[in-house]
Amino acid sequence: MTDIPVITAEELKAKLEKGEELLLVDVREDEEVEMGIIPQAKHIKMGDIPESLDQFEKDKEYIFICRSGRRSENVCAYLQDQGYKVRNMVGGMLDWEGEVK
């Protein structure tokens, strides 16, 4: 199994503050997202990822986010096996200190 590239919440926040265009996907459940989501993130529940592959392009990198980083890591492993460029936000929203909506 290939290692999954990671990004910390702090690194992600710095990139967003610099205005970098990043493709963020939050894979938490609806009730979790209601508590706050990174404004730039798109919400696709983990269980909906397999039937949502048409929303991803293989030449772009996507950063996946969940509560602690575990579910997003699983999603990254799945998508990486499918040939997508992925990065996991380690620590998840528990480590996020930036803006939420």
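Use the structure listed above.
Values in this document were obtained by computation on a predicted structure and should not be read as measured data.

Caption draft 1: Just the packing of aromatic side chains, in detail. According to the stated counting rule, one finds three aromatic pairs in the structure shown. With a centroid separation of 4.9 Å and 90° between ring planes, the pair formed by Phe56 and Tyr62 is classed as edge-to-face. Owing to a relative accessible area of 7%, Phe56 belongs among the buried residues under this scheme. Here the aromatic rings of Phe56 and Tyr84 are separated by 6.2 Å at their centres, their planes lie at 70°, and the arrangement is edge-to-face. Of this pair, Phe56 sits in the loop between strand 3 (41-43) and strand 4 (61-65) while Tyr84 sits in the loop between helix 3 (70-81) and strand 5 (85-90); the two residues are 28 residues apart in sequence, bridging distant segments of the chain. Residue class for Tyr84 comes out buried when judged on its relative accessible area of 11%. Here the aromatic cluster, defined as three or more aromatic residues joined through ring pairs, consists of Phe56, Tyr62, Phe64 and Tyr84. Just above the ring of Tyr84 sits the side chain of Lys58; from NZ or CZ to the centre is 5.2 Å.

Caption draft 2: Seen up close, helix 3. Across its 12 residues, helix 3 extends 17 Å between first and last C-alpha, which sits within 8% of the 16 Å expected from 1.5 Å per residue. Packed against the buried residues of helix 3 are strand 4 and strand 5. Note on helix 3: the residue one or two positions beyond its end, Gly83, has a positive phi of about 100°.

Reading the values: rules and limits
Residues numbered from 1 in each chain as written. Predicted model: local features only at pLDDT ≥ 70, side-chain atom pairs only at ≥ 80, totals over all residues. Heavy atoms only, no water. Phe/Tyr/Trp six-rings, centres within 6.5 Å; stacked < 30°, edge-to-face > 60°. Buried < 20%, exposed > 50% of the residue type's maximum accessible area, 1.4 Å probe, protein only. Helix = DSSP H or I, 4+ residues; strand = E, 2+ residues; numbered from the N terminus. Lys NZ or Arg CZ within 6 Å of the ring centre and 35° of its normal. Expected span 1.5 Å × (residues − 1). Contact = heavy atoms within 4.5 Å.

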